[in-house]
Amino acid sequence: MAKVICITNQKGGVGKTTTSVNLAYFLAKDKNRVLLVDVDPQGNASSGLGLDKAMLDASMTEVMLDVAKMSDVIVSTQFKGFDIAPTTPQLANAEVEMAGMRQKFGVLKRAIESVEEGYDYVIIDSPPSLSLLTVNGMIAADYLVLPVQTEFYALEGVAQLLESMAMVKKAMNPQLKLLGVLATMYDKRTSLSAEVLAEVRKYFKEKVFAATIPRNVRVAEAPSHGVPVGAYDKFSKGAKAYKEFAREVEERTRG
């Protein structure tokens, strides 16, 4: 069965979607079959892979409302072994409707279970909030990856997120584990980045991935070209860092 990884942080701007897209890409490059599930209503993972959301017949909006099958919304990307279940901004409205559903917490888990036999990894890109969609992601996942920006207030809100994870683990998903913490937007030229990274390592210890994602213009440019950074400039520092991160993810999920 597929290993399901939810990329989550309720803080915005920490590189969550960039991490989701590039992790999926590099896992696929290493001959894994990968599905990226976009449940962030902003849909940046979908548009960052060059999808025209206006042309979609169905998306994760319909899946989360239980009116479409996951298999009906999955589309192939231009990269071998890499599929995506895209979303549209209508998912924000759907979340309001979901609140009245009887089995609202297990929708995403059931949807992923219906297709996971075809994949080695399922990566969930969740919204920057502790919302019903994020909780669905946690319930569906085997592992969480927490991207943390190496800037002021990096650990702000992390305690709340870990509390939510503990609640989900206790009540609905006892198998859920924190796979690791990924330091993003690291700038080795500043003492602040080094200090924050040291603080993150002190807080999370061995859970912090060895790979750190640097501030890199190529990482920022790639989505506007509809491709991951590894396809945009495979020799860039950002691409090398995400490749190293994906390798660590494979090692940590091998057991």
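Each chain has its residues counted from 1, running along the sequence as written. Selection of residues for local features in this predicted model requires a pLDDT of at least 70, selection of side-chain atom pairs for listing and counting requires 80 or more, and totals for whole chains, interfaces and linings are taken over all residues. Here the side-chain values reflect all heavy atoms present in the structure, with hydrogen atoms and water set aside.

Focus: the environment of G180
Helix and strand definitions here come from DSSP, where helices need a minimum of 4 consecutive H or I residues and strands a minimum of 2 consecutive E residues; each element is numbered from the N-terminal end. As for its placement among the helices and strands, G180 is situated in strand β7 (residues 177-186). For the pair G180 and E248, spaced 68 residues apart in sequence, the C-alpha to C-alpha distance is 9.7 Å. When checking whether two residues touch, look at their non-hydrogen atoms; a contact exists if any pair is within 4.5 Å. Leave out the neighbours within four places in its chain, and G180 touches L144, V145, L146, K207, F209 and R252.

Description of the sheet that holds strand β2 (residues 34-38)
Pairing within the open sheet is mixed, and its eight strands lie in the order β3-β4-β2-β5-β1-β6-β7-β8. Edge positions in the sheet fall to β3 (75-76) and β8 (208-214), since each has one partner strand and no second. Direction of pairing for strand β1 (residues 3-7) relative to strand β6 (residues 143-149): parallel, over a ladder of three bridges. If you follow C6 over to β6, its bridge partner there is L144. Helix axes use the C-alpha atoms of the stretch in contact, all axes being lines fitted to C-alpha atoms, and the angles between their N-to-C directions lie in the range 0 to 180 degrees. Against the sheet, helix α1 (residues 16-29) engages β1, β2, β4 (82-85), β5 (121-125), β6 and β7, with an angle of about 165° to β5. Being paired, for any two strands, means DSSP has found at least two bridges between them.

With respect to the packing of aromatic side chains
Ring geometry is summarised as follows: Phe, Tyr and Trp rings, the Trp one being its six-membered ring, pair when their centres sit within 6.5 Å, and such pairs are stacked at plane angles under 30 degrees, edge-to-face over 60 and tilted between the two. Counted under the stated rule, the structure contains seven aromatic pairs. Residues F79 and F82 carry aromatic rings whose centres are separated by 6.4 Å and whose planes lie at 25° to one another, so their mutual orientation is stacked. Across this residue pair, the class does not change: F79 and F82 are buried. With 4.9 Å between their ring centres and 85° between their planes, F209 and F245 make a pair best called edge-to-face. Residue F209 is found in strand β8, and its partner F245 is found in helix α12 (residues 237-252); the two are separated by 36 residues along the sequence. Note on accessibility: F209 and F245 belong to one class, buried. Type-normalised accessible area, obtained with a 1.4 Å probe on protein chains alone, sets the label of each residue: buried when under 20%, exposed when over 50%, and partly exposed for intermediate values.

A few points about the side chain of D40
Tracing the backbone shows D40 in the loop between β2 and α2 (44-47). Classification of D40 by relative accessible area gives buried; the value is 2%. Here D40 is in contact with K16, T17, T87, L91, D125, S126, P127 and P128, once residues within four sequence places are set aside.

Observations concerning helix α9 (residues 191-204)
The α-helix advances 3.6 residues per turn, and as a result positions three or four apart in sequence lie on the same side. Across its 14 residues, α9 extends 20 Å between first and last C-alpha, which sits within 8% of the 20 Å expected from 1.5 Å per residue. Within α9, burial applies to S193, V196, L197, V200 and F204. Along the axis of α9, the buried positions cluster into a sector of 100°, meaning they face one direction only. Summarising the geometry of α9, the exposed residues directed more than 90 degrees from the buried face are S191, E195 and K202. Structurally, α9 contributes buried residues whose contacts are with β6, α8 (158-171), β7 and β8. With its phi angle positive at about 55°, K205 sits one or two positions after the end of α9. Multiplying 1.5 Å by the helix residue count minus one yields the expected span of that helix. Each direction from the helix axis to a C-beta atom contributes to the arc, which is the arc of those directions.

What about the nonpolar core?
It is characteristic of soluble globular proteins that their nonpolar side chains tend to be buried jointly. For our purposes a nonpolar core is just a set of buried Ala, Val, Leu, Ile, Met, Phe, Trp, Tyr and Cys residues, chained together by side-chain atoms within 4.5 Å. Counting residues in each nonpolar core, the largest one holds 49 residues, and the members touching the most others are V37, M60 and M70. Of all the elements, helix α7 (residues 132-140) adds the most residues to this core, at six residues. Those residues in contact with M70 that sit more than four places away from it in its chain are L35, V37, M60, V63, A85, A111, I112, S114 and V115.

Thoughts on the pairing of β7
Counting buried positions over the 10 residues of β7 gives eight, a clear majority of the element. As defined by bridge partners, β6 adjoins β7 across seven bridges and the pair is classed as parallel. If you follow V148 over to β7, its bridge partner there is A183. Here a crossover is taken to be right-handed if, once the strands point away from the viewer, the path from the first strand over the helix to the second is traced clockwise. Once the chain exits β6 it traverses α8 before rejoining the sheet at β7, and the crossover so formed is right-handed. Following the backbone out of β7, through α9 and into the adjacent parallel β8, one traces a crossover that is right-handed.

Side note on unusual backbone geometry
A positive phi angle, near 70°, is found at K31, a position not held by glycine. Relative to the helices and strands, K31 is located in the loop between α1 and β2. Backbone geometry places K205, a non-glycine residue, at a positive phi of 55°. As for its position among the elements, K205 is in the loop between α9 and β8. You can call K205 exposed: its relative accessible area is 55%.

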